[in-house]
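Chain by chain, the residues:
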Amino acid sequence: MEHHTMNLTLKVWRQKNSSDSGHFETYDVKDISSEMSFLEMFDVLNERLIAEGKDPIAFDHDCREGICGMCSMYINGRPHGPWHANTTCQLHMRAYKDGDTIVVEPWRAKSFPVIKDLVVDRTAFDRIIQAGGYISVNTGNAVDANSIPIEKDKADLAFANAACIGCGACVAACKNSSAMLFVSAKVSHLALLPQGDPERKSRVINMIAQMDKEGFGGCTNTGACEAVCPKEISITNIARLNNEYIKAGLTVDK
Amino acid sequence: MLNAKIPGGPLDQKWTYYKGHCNLVNPANKRKLEVIIIGTGLAGASAAASLGELGYKVKAFCFQDSPRRAHSIAAQGGINAAKNYQNDGDSVFRLFYDTIKGGDYRAREGNVHRLAEVSANIIDQCVAQGVPFAREYGGLLSNRSFGGTQVQRTFYAAGQTGQQLLIGAYQALERQVALGNVKMYSRHEMLDIVMIDGKARGIIARNLVTGELERHFGHAVLLCSGGYGNVFYLSTNAMGSNVTAAWKAHKKGAYFGNPCFTQIHPTCIPVSGDHQSKLTLMSESLRNDGRIWVPKQKGDTRKPNEIPEEERDYYLERRYPAFGNLVPRDVASRAAKERCDAGYGVGSSRQAVYLDYAKAIERYGLGECSKLGIEDPTPEQVREHGVNVVKEKYGNLFDMYEKITGENPYEVPMRIYPAVHYTMGGLWVDYELMTNVPGLYALGEANFSDHGANRLGASALMQGLADGYFVIPYTIGNYLSNDIRTAAIPTSHQAFVDTEKAVQDRIDRLMNIKGAKTVESFHKRLGKIMWDKCGMARNAAGLQEAIEEIRQLKKEFWSNLRIPGGIKEMNPELDKANRVADFIELGELMCIDALQRNESCGGHFREESQTEEGEAKRDDNNFQYVAAWELKGEGNWELHREDLVFEVAKPSQRSYK
């Protein structure tokens with residue numbers, strides 16, 4: 001692949017801690033290779049800031065292969081940047097050209113408070129899972145794995161939803177900061193499988209209740225979540241979620 | 001003397017015997033016993049969930065923002081289990097035997113047999129949790145084959161098996177958090193073990209958001225903190241993966257087993273430049289269908305699609321006709337290095353070989369056309385259907401390759417090169433997964449036990465979950481049954497005070513160096529030394545040089561390091577400095593271990609010990625042991641040997657020809 005170098009202007013959100021009000025800071029970065037990843041460009045900038053005696057930019061990242069869900073940059077008004085079905089760590093600099101200005105912010109949502117710079121607190125997602133995003137089966141209880149055949153199409157669809165990486169881009173993209181895509185992915189994953197059936201009703205009711213408690217907004221079907229989801233989780237899951245929720249509300253025993 | 005505490009009796013009865021005779025803790029007493037778990041990958045999350053279910057009071061720690069981020073999530077290809085669903089001759093014994101042989105006879109028979117025994121339970125448990133493994137149209141589970149075996153025993157979920165298994169374990173963990181049995185501490189890093197009366201009784205952890213040090217008591221401490229491949233700087237590990245928890249344990253007396261045993265994975269995306277921060281694996285499952293080749297002509301600069309079939313050297317198929325592209329990882333990696341070193345490498349760096357899917361696309365396409373009743377299909381039809389099949393099997397991997405390289409692997413062969421992936425070495429543990437420090441356990445990649453000198457594909461997930469779901473729930477009871485009268489020790493105990501002070505002093509010392517060079521620059525230099533001299537091929541002279549260079553690097557690190565920011569705040573540079581300081585010490589020990597092991601085995605290739613054909617030559621007479629290192633002082637280790645006894649799988653020269 002042909003490659004080239006470029007000079008860029010970065011406007012990055014800096015915020016010392018959760019109580020600081022925060023501000024944009026402008027940085028010029030030079031000689032960035034088109035082969036670098038977006039985060040490697042930040043590595044280069046941070047090395048320079050340290051050498052200059054300044055505080056490097058804090059950002060979340062870990063696997064750098066698009067699967068752990070830790071990276072979370074809001075790039076030019078779009079979670080994870082311009083590429084379709086992508087995470088920030090997999091965005092590469094060939095997406096940009098010499099002279100570009102790039103604005104980088106943290107996820108913006110009340111339920112994801114900023115901890116420092118581009119790092120936010122997403123533990124609300126863990127608490128939603130705690131409310132029911134599981135199948136209650138203790139270790140050792142299982143029957144033989146092939147004793148319950150599952151239609152391939154259903155298994156594949158369950159997998160497509162279980163592929164959610166919990167990054168929170170859906171929330172960051174939504175004008176209501178709704179977590180419906182995230183919740184619908186988990187509810188769908190488990191509702192599509194026979195193993196998830198016994199807790200189907202209580203799961204959806206409890207997860208929605210926790211979602212509301214965390215302060216996430218409602219869904220108005222604008223579809224921004226689906227458009228930015230790195231794993232292409234479909235918005236039709238939200239319809240399934242609503243369906244499950246209504247059915248559960250009408251028929252739940254308690 | 002090292003006692004591995006392997007139960008007596010025939011190999012296939014040992015675990016049954018153990019389970020039938022180990023001490024139990026009654027449910028009322030379990031509620032009084034506290035267990036600390038470091039790391040929430042497959043081993044840590046499965047252990048935390050299972051021990052929580054049993055009623056123990058568990059505290060789990062991870063440095064990421066959520067337990068679901070642990071690097072097990074990135075495992076791609078699959079998980080082995082001796083289910084024999086394919087009727088192709090698999091059995092517990094075969095899985096055991098393949099693992100022992102694949103590990104080049106440097107693993108313990110007892111542990112490996114137990115691993116094979118519980119492998120089937122893992123699949124059952126995961127399916128019950130809702131892990132959506134790949135299925136056939138009949139609704140039953142699908143399998144594929146993996147390197148180093150001749151049966152299809154690998155269960156998978158596209159190229160995201162680790163993710164699906166970890167989400168399963170994570171959900172089980174979060175359920176226990178909701179029930180109050182597990183307390184979760186995310187964005188926390190363990191920085192020392194607290195020892196009281198010779199037993200591990202707690203930890204000092206740093207809250208990575210506030211920078212505060214915290215004291216936590218536990219009747220036992222489980223390290224499930226993963227491997228140390230990042231000692232090489234560039235590896236397929238996550239950026240945060242580190243050796244710190246294991247290294248602190250080592251400094252508190254735990255022996256480090258076979259530290260030099262590193263797995264260099266054959267199919268990774270090659271390095272593109274100096275800015276590179278990590279390497280990305282392309283699952284070994286790709287070798288099922290892909291064919292690996294280089295041009296027959298040295299320094300051939302033609303595009304791969306312009307090189308005709310007869311001018312391609314499918315060197316794995318040529319050298320190893322029985323296993324072909326499915327030879328184990330160590331063999332495939334060395335063969336790639338051999339071709340590139342000899343001048344046949346491809347790509348701009350010449351440090352790469354091709355992994356080609358053209359044949360597979362054609363084969364699958366013809367199959368689909370036949371299924372659909374298309375007679376005399378056109379090449380375009382064959383291709384279209386073939387691409388669809390490959391997409392379903394490996395789509396996410398192909399997409400990832402394209403994002404990183406900008407090349408479309410459905411059109412042109414992928415370029416791959418070996419990269420550091422997994423560390424077989426780790427804390428020495430006995431049959432019960434306890435280190436030689438009472439009450440201190442190591443599970444999953446953090447221990448040394450099951451993979452010998454080379455791990456077979458799809459076995460890491462199996463081991464992590466075996467340890468967490470099915471081994472530790474039994475073995476920890478055997479220890480804690482003696483602790484039912486031990487009340488929780490208040491963290492005002494002098495041992496906690498002293499340990500916290502030592503941790504604080506070290507942090508102060510790091511911050512006060514106020515030198516000129518960044519943590520990253522030291523880490524890169526360490527990685528280069530390790531890769532050049534303790535990487536895919538090692539020799540005595542190089543290792544001796546490396547030891548000297550690392551000692552020098554250590555001095556410089558402690559006198560010229562610059563860490564910006566403060567202590568009592570979120571400070572990722574300080575977190576990294578803590579880890580790199582430990583990597584430097586580990587690097588020295590790895591070279592010392594590689595130097596003493598003057599044989600080639602598995603991933604450890606000593607140039608002095610090879611056959612005439614350039615294959616690894618083991619030396620069972622002198623090196624059939626586990627090297628367990630005890631730290632005696634700075635840069636001073638004593639070697640303890642645990643002799644390996646093979647009663648069932650008699651060692652033979654490993655051949656994949």
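Every chain is numbered independently, its residues counted from 1 as its sequence is written. The lettering of chains begins at A and the numbering of ligands begins at 1, in the order of writing. Owing to the predicted nature of the model, reporting of local features is limited to residues with pLDDT of at least 70; listing and counting of side-chain atom pairs is limited to 80 or more, with chain, interface and lining totals taken over all residues. Side-chain metrics in this entry use all non-hydrogen atoms of the structure; hydrogen atoms and water are not considered.

Residue and element names in this part refer to chain B. Only DSSP runs of H or I with at least four residues qualify as helices, and only runs of E with at least two residues qualify as strands; both kinds are numbered from the N terminus onward. Within the element layout of this structure, R291 appears in strand β12 (residues 291-295). C-alpha separation for the pair R291 and I100, spaced 191 residues apart in sequence, amounts to 27 Å. With residues up to four places along the chain from it excluded, the contact list for R291 reads E309, Y314, E317, N325, Y354, L355, D356 and K359. A polar side-chain atom of R291 sits 2.8 Å from a polar atom in the side chain of E317. Contact criterion: two residues are considered in contact whenever any of their non-hydrogen atoms come within 4.5 Å of each other. Pairs of N or O atoms are called polar contacts if they sit within 3.5 Å, as long as, within protein, a hydrogen donor faces a hydrogen acceptor (for residues adjacent in sequence, only side-chain-to-side-chain pairs).

The parts lose accessible area when they come together, and the size of an interface is often stated as this lost area. Each partner contributes to the interface: chain B provides 78 residues, whereas chain A provides 76 residues. Here the quantity called buried area is the total loss of accessible area, with a 1.4 Å probe, experienced by two parts when brought into contact, counted for both. In total, chain B and chain A occlude about 6100 Å² of area from one another, counting both sides; carbon and sulfur atoms represent 52% of this. Salt bridges are defined as contacts in which a side-chain nitrogen from Lys or Arg sits within 4 Å of a carboxyl oxygen from Asp or Glu. The interface formed by chain B and chain A includes seven salt bridges. Linking A:E65 and B:K278 is a salt bridge whose minimum nitrogen-to-oxygen distance equals 2.6 Å. Remark: the boundary between chain B and chain A carries 45 residue pairs in polar contact (both at pLDDT 80 or more).

Moving on, we get to the domain arrangement of chain A. All names here are of chain A. An automatic or database domain assignment supplies the start and end points of every domain. Segmentation of chain A into domains returns domain 1 (5-116) and domain 2 (123-251). Each of domain 1 and domain 2 was reduced to a C-alpha centroid, and the two centroids are 29 Å apart. Buried area between domain 1 and domain 2, summed over both chains or domains, comes out near 1400 Å², and the portion from carbon and sulfur atoms is 58%. Taken as a group, P79, S111 and F112 account for 32% of the area that domain 1 buries against domain 2, more than any other trio of residues on that side. The tally of links between domain 1 and domain 2 comes to zero salt bridges. Where domain 1 packs against domain 2, one counts seven residue pairs in polar contact (both at pLDDT 80 or more). Residue polarity is assigned by list, with Asp, Glu, Lys and Arg as charged and Ala, Val, Leu, Ile, Met, Phe, Trp, Tyr, Cys and Pro as nonpolar; anything else, Gly included, falls into the polar class. The residue makeup of the side of domain 1 that touches domain 2, split by class, is nine nonpolar, seven polar and three charged.

Below, the discussion takes up the domain arrangement of chain B. All names here are of chain B. Taken domain by domain, chain B comprises domain 1 (266-419) and domain 2 (497-623). On the side of domain 2, 10 residues touch domain 1, which itself brings nine residues to the contact. Both sides together, the interface formed by domain 1 and domain 2 hides about 740 Å², and carbon and sulfur atoms give 57% of it. Across the contact surface, domain 1 and domain 2 share one salt bridge. Its salt-bridge partner being R319, residue E615 comes within 3.0 Å of it at the nearest N-O pair. Summed over the shared surface of domain 1 and domain 2, the result is four residue pairs in polar contact (both at pLDDT 80 or more). Broken down by secondary-structure element, the contributors of at least two residues to the side of domain 1 that touches domain 2 are α10 (329-341) and β15 (414-423). By residue number, the principal contributor to the side of domain 1 that touches domain 2 is α10, which donates four residues. Of the residues contributing to the side of domain 1 that touches domain 2, the split by class is three nonpolar, one polar and five charged.

For the rest of this paragraph, the subject is the sheet that holds strand β6 (residues 188-196) of chain B. All names here are of chain B. Should DSSP find at least two bridges between two strands, the strands are taken to pair. What the three strands build is an open sheet, ordered β6-β7-β8; its pairing is antiparallel. The sheet is open, and its two edges are formed by β6 and β8 (213-217), each paired on a single side. On average, each strand axis in the sheet is inclined to that of its neighbour by 30°, with strand direction left out of account. Across five bridges, the pairing between strand β7 (residues 199-207) and β8 is antiparallel. From the neighbouring strand, G202 faces β8, where its bridge partner is F217. All axes here are fitted lines through C-alpha atoms, helices being fitted over the stretch that makes contact, and every angle between N-to-C directions spans 0 to 180 degrees.

The next thing to look at is the pairing of β7(B). Residues and elements named next belong to chain B. The buried fraction of β7 amounts to eight of the nine residues, a majority that puts the element mostly inside the structure. Relative to β7, β6 runs antiparallel, the two being bridged by eight bridges. Bridge pairing links M190 to A205 in β7. Taken together, β7 and the strand that follows it, β8, pair antiparallel across an intervening segment of five residues, in which G211 is found at a positive phi of about 80°. When accessible area is computed with a 1.4 Å probe and restricted to protein chains, residues below 20% of their type maximum are described as buried, those above 50% as exposed, and intermediate ones as partly exposed.

All names here are of chain B. Viewed as axis vectors pointing N to C, helix α3 (residues 42-54) and helix α13 (residues 460-480) meet at an angle of 30°, and their least axial separation amounts to 8 Å. One element, α3, and the other, α13, form an angle in the roughly parallel class. You can see that α3 and α13 cross each other, and the crossing is right-handed. Facing α3, whose interface residues are L42, A43, S46, A47, S50, L51 and L54, α13 presents L461, G464, L465, G468, Y469, I472, P473 and I476. The class makeup of the residues in the contact of α3 with α13 is 11 nonpolar, four polar and no charged. What sets the label is the angle itself: under 35 degrees gives roughly parallel, over 145 gives roughly antiparallel, 65 to 115 gives roughly perpendicular, and the rest give oblique. Take the far helix as your reference; a near helix turned counterclockwise from it by less than a right angle gives a left-handed crossing, and one turned clockwise gives a right-handed crossing.

A pair of aromatic rings is counted whenever rings of Phe, Tyr or Trp (Trp by its six-membered ring) have centres within 6.5 Å, and the orientation is called stacked for planes under 30 degrees apart, edge-to-face for over 60 and tilted otherwise. Under the definition given, this model contains 32 aromatic pairs over all chains. Ring centres of B:F61 and B:Y185 lie 4.7 Å apart, and the angle between their planes is 10°; this geometry places the pair in the stacked category. One end of the pair, B:F61, is in strand β2 (residues 57-61); the other, B:Y185, is in strand β5 (residues 182-185), with 124 residues separating them in the sequence. The class for B:F61 is buried, based on a relative accessible area of 1%. Ring centres of B:F93 and B:Y97 lie 6.1 Å apart, and the angle between their planes is 20°; this geometry places the pair in the stacked category. Linking B:F93 with B:Y97, this pair stays in helix α4 (residues 92-102), spanning four residues, or about one helical turn. You can call B:F93 partly exposed: its relative accessible area is 41%. Among the aromatic residues, those joined into a ring-pair cluster are A:F38, A:F42, A:F59 and A:Y96. When the NZ atom of lysine or the CZ atom of arginine is within 6 Å of a ring's centre and also within 35 degrees of its normal, the charge is said to sit over that ring. Here B:K391 stacks its cationic end above the ring of B:Y410, 5.3 Å away from the centre of that ring.

A word on the pattern of salt bridges. All names here are of chain A. Evaluation of the coordinates by the stated rule reveals 76 salt bridges over all chains. We note a salt bridge from D117 to R14, for which the minimum N-O separation is 3.2 Å. With D117 in the loop between β6 (114-116) and β7 (119-120) and R14 in strand β1 (residues 5-14), this pair connects stretches of sequence that are 103 residues apart. In this structure, D117 and R14 share a single accessibility class: buried. In this structure, the salt-bridge partner of E214 is R127, at a minimum N-O distance of 2.6 Å.

So, on to the side chain of B:N80. Residue and element names in this part refer to chain B. Position of N80 among the secondary structure elements: in strand β3 (residues 79-80). Looking at N80, its side chain comes within polar contact range of the side chain of T154, at 2.7 Å. Of note is the side chain of N80, whose polar atom sits 3.4 Å from the side chain of S459. In contact with N80, other than residues within four places in its own chain, are L95, S119, R153, T154, G457, A458, S459 and M462.

A separate point is the environment of B:E615. Residues and elements named next belong to chain B. Considering the arrangement of structural elements, one finds E615 in the loop between α17 (572-596) and α18 (620-623). C-alpha separation for the pair E615 and Y441, spaced 174 residues apart in sequence, amounts to 36 Å. Those residues in contact with E615, other than ones at most four positions away along the chain, are R319, Y320, F605, S609, Q610 and K657. There is a polar contact of 3.0 Å between the side chain of E615 and the side chain of R319.

Moving on, we get to the nonpolar core. Of all hydrophobic cores here, the largest spans 240 residues; its most connected members are B:I79, B:F133, B:L222, B:L223, B:Y357, B:Y441 and B:I476. In terms of residue count, the dominant contributor to this core is α17(B) (12 residues). Excluding its chain neighbours within four sequence positions, the residues that come into contact with B:F133 are B:I79, B:I123, B:C126, B:V127, B:L141, B:F155, B:Y156, B:A157, B:T161 and B:L165. Each nonpolar core is a collection of buried residues, namely Ala, Val, Leu, Ile, Met, Phe, Trp, Tyr and Cys, held together in the definition by side-chain atoms within 4.5 Å. The next biggest cluster of nonpolar side chains, apart from the first, holds 27 residues, and it includes A:F38, A:L39, A:L49 and A:F59.

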